[in-house]
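A look at the structure
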Amino acid sequence: MRILLPSSALPVIPRTAFSSAIPRAKLYPRLWHTHHSSAAILRPNTRFYSTSVTIEMDEVNTTARLAELRKLMGENKVDVYIVPSEDSHSSEYIAPCDARRAFISGFTGSAGCAVVTLDKAALATDGRYFNQASKQLDENWVLLKQGLQDVPTWQEWSADQAVGGKVVAVDPTLVTSGTAKKLADKVKKSGGKELVPVEVNLVDQVWGEDRPSQPNEPIIVLGDKFAGKDVKTKLADLRKELEKKKSLGFVVSMLDEIAWLFNLRGNDIPYNPVFLSYAIITADEATLYTNSSKLSSECHSHLAENGVVIKPYEEIFGDATALGKSAAAEKAEGAGDKKKFAISNRASWALKRALGGDDMVEEIRSPIGDSKAVKNETELKGMRACHIRDGAALIEFFAWLEDQLIVKKATIDEVEAADKLEALRAKQEDFVGLSFDTISSVGPNAAVIHYKPERGACATIDPNAVYLCDSGAQYLDGTTDTTRTLHFGEPSEAEIEAYTLVLKGNIALDRAVFPKGTTGFALDGLARQFLWQQGLDYRHGTGHGVGSYLNVHEGPIGIGTRIQFSEVALSPGNVISDEPGYYEDGSFGIRIENVVMVKEVQTKHKFGDKPYLGFEHVTMVPYCRKLIDSSLLTEAEKEWLNQYNDDIWQKTKGYFENDELTKAWLDRETRPF
């Protein structure tokens, strides 16, 4: 029997005082680091004053930048210029040198698109960033709140600005061929002249010498101990798929797909262990395009043993053009068949153009992406193990933070808390670094869905306000992403109700059983149903795929209302997040996130002879007891919660044999309801 201790009675053990003066980068040697530049936009130009009840964000004055861009547009005979968020690889998270949209607009969120005309400018983003964008954009910009009724998409707004025979332009390496085609059609239908590719990026010219250099960080080999499948097997599997599709070859542009295929990891993108590269895979050749100076002798040997040729990163477009022309010539002479090269539907317009366009290219959902999303047994074992270690770090952090705030009456700000959590994670076996910037947020800051505190200008954590911590780490055996919302004082009735409704949604999705072939699109409502019953909702997806020591956001699967989530069914081996939430602007935010793995489950019947699937949760961190109204929980939900708490207790208590403070906190938070 475990004894519940009130927080004031938690035993206190001597601890080294944590100093906020220690720069986070010096806490431990990590695989990657954030690159800095004199350009103000590389770090969010944000000010979160030392209070938990207000939030202010500085605007960036973009007048001079826009004037210079418009001058270049005139010189290039462009009337409307598109500035996407992505890099040449359709990456969600990008290197600082590719943060063009942030530079030109001042908006630093990870999602959005800027459109600049000769006299107007618009920034489109989704509901996660409405709050942030409205504060960061200066008077030069119009905010297009995507998803709201009667608000045009950035494509529609661009087409409207092209009326009267105007020219719309974009860097073709930064948009997919599909996006370019749809935009070109809209421009023509609206009365615009055309969409043209401008190969020299105009924003880069405005940025000039202040633009950061391209990253050139070292690459490592990920051994079979962690990868679970060797490169030769992965290449053989890919070639079988290409043979089925009768493809001449597959040109790979997604960075995480290349890292996974060759069992390599890099650090060119902060928090994402990938490296700038392309690859071309044919029936008998495999070529990796990357800067060879990044590759150690071990990497060179590893690639040679697997029959992989190394070429410079910059040669991809020249080689793609040559391959396309050669295949087209063979077709014209009748020596070749009607086979085409395959590229991912997320590959760039520029890559498709280089290969020869529609005549020579077939766009497909990447077979590498599909294979990568179904984790092998080694990867699944690693996910279970790293989440236990990561859970132990989070448990120790929350116990420490409560003791500091309530018992010691310490003053701790959001960044100091994030630093402490990072230091605790760094003690864990096979830790590499964080998987994204820690969202350490208190009070109204917790209502900013992708909030990022800044050192020296962030809020002090108020024990009488909601504290939301969304964080994750990279380990050699897996990637974690956990969100917990806590209250160290006395929460309000509204906060308790909101938290409990979100918790019920989190549990409902975790307990779901569904037939094979079900998509995340179909499951999304399970997590929202209890909020909907009260007329509430949240403006973000419910779940995203998670990589195995790779990107924390991984396609093609997801749970949410995006149409692409209806295209790919969930399969055993998928790893995905379960993260409903609720946000009261200016007051508080609630989010609860677990990582779960899709598995086959046994059911009494099997209608249609279909297997039935469910989830296995791997996150091992308790929910906040004082935010749960147990009267709103069903008996089945309480039983699930008690089993989960016991699982956490059994798997993590061993980490705290010599830490009475943390063990007492864990005991209290996991006792049965």
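Let us look at the structure shown here. (Residues numbered from 1 in each chain as written. Predicted model: local features only at pLDDT ≥ 70, side-chain atom pairs only at ≥ 80, totals over all residues. Heavy atoms only, no water.)

Pairing in this open sheet of 3 strands is antiparallel, and the strands run β15-β18-β19 from one edge to the other. At either end of the open sheet lies a strand with only one pairing partner, and these are β15 (431-434) and β19 (478-479). Along the sheet, helix α15 (residues 414-426) makes contact with β15 and β18 (473-475), crossing β15 at roughly 160°. (Pairing = 2+ DSSP bridges. Helix = DSSP H or I, 4+ residues; strand = E, 2+ residues; numbered from the N terminus. Contact = heavy atoms within 4.5 Å. Axes fitted to C-alpha atoms, helices over the stretch in contact; angles between N-to-C directions.)

Here we come to the layout of surface pockets. Empty space within the second largest pocket amounts to approximately 470 Å³. Of the residues belonging to the lining of the second largest pocket, the class tally is 10 nonpolar, 5 polar and 9 charged. (1 Å grid on protein atoms, 1.4 Å probe; cavity = no way out; pocket = protein on both sides within 12 Å on 5 of 7 lines; lining within 4 Å. Points joined across faces, edges and corners; volume = space filled by probe spheres on them. Nonpolar A, V, L, I, M, F, W, Y, C, P; charged D, E, K, R; others polar.)

Moving on: the nonpolar core. Side chains that are nonpolar tend, in soluble globular proteins, to be buried together. Core analysis: the largest hydrophobic core is formed by 70 residues, its most contacted members being Phe-397, Phe-398, Leu-401, Tyr-467, Tyr-499, Phe-615 and Tyr-623. Counting residues per element, this core draws most heavily on helix α14 (residues 377-407), which supplies 11 residues. Once you skip the residues sitting within four places of it in the chain, Leu-401 turns out to touch Ile-412, Ile-461, Tyr-467 and Phe-488. Counting 49 residues, the second largest nonpolar core, distinct from the first, contains Ile-219, Ala-259, Ile-280 and Ile-281. (Core = buried A, V, L, I, M, F, W, Y, C linked by side-chain atoms within 4.5 Å. Buried < 20%, exposed > 50% of the residue type's maximum accessible area, 1.4 Å probe, protein only.)

In this section: the packing of helix α16 (residues 493-510) against helix α17 (residues 520-532). The description of two packed helices rests on the angle between their axes and on the distance between the axes. Interaxial distance between α16 and α17 falls to 7 Å at its minimum, and their mutual angle equals 155°. Considered as vectors, α16 and α17 are oriented roughly antiparallel to each other. Considering how the two elements wind past one another, α16 and α17 form a crossing that is right-handed. Of the residues in α17, those in contact with Leu-501, Val-502, Lys-504, Gly-505, Ala-508 and Leu-509 of α16 are Leu-523, Leu-526, Ala-527, Gln-529, Phe-530 and Leu-531. (Parallel < 35°, antiparallel > 145°, perpendicular 65-115°, else oblique. Left-handed = near helix turned anticlockwise from the far one by under 90°.)

Attention now goes to the side chain of Asp-98. Relative to the assigned elements, Asp-98 resides in the loop between β1 (80-84) and α2 (100-105). For Asp-98, a relative accessible area of 10% corresponds to the buried category.

This part is about the sheet that holds strand β14 (residues 361-364). Spatially, the 6 strands line up as an open sheet ordered β12-β11-β10-β8-β13-β14, and their pairing is mixed. The open sheet has two free edges, formed respectively by β12 (308-311) and β14, since each of these has just one partner strand. Neighbour-to-neighbour, the strand axes of the sheet open up by a mean angle of 25°, direction not taken into account. Each of β8 (247-252), β10 (278-282) and β11 (286-289) is contacted by helix α8 (residues 231-244), which is oriented at about 65° to β10, the strand it contacts most.

For the coordinates displayed, the defined rule picks out 15 aromatic pairs. Each ring, one from Phe-107 and one from Tyr-129, has its centre 5.7 Å from the other, and the planes form 80°; the classification is edge-to-face. Here Phe-107 is found in the loop between α2 and β2 (113-117), whereas its partner Tyr-129 is found in the loop between β3 (121-125) and α3 (130-136), with 22 residues between them in sequence. Among the residues examined, Phe-107 registers a relative accessible area of 0% and is labelled buried. For Tyr-129, a relative accessible area of 2% puts it in the buried group. Among the aromatic residues, those joined into a cluster by ring pairs are Phe-397, Phe-398, Trp-400 and Trp-665. (Phe/Tyr/Trp six-rings, centres within 6.5 Å; stacked < 30°, edge-to-face > 60°.)

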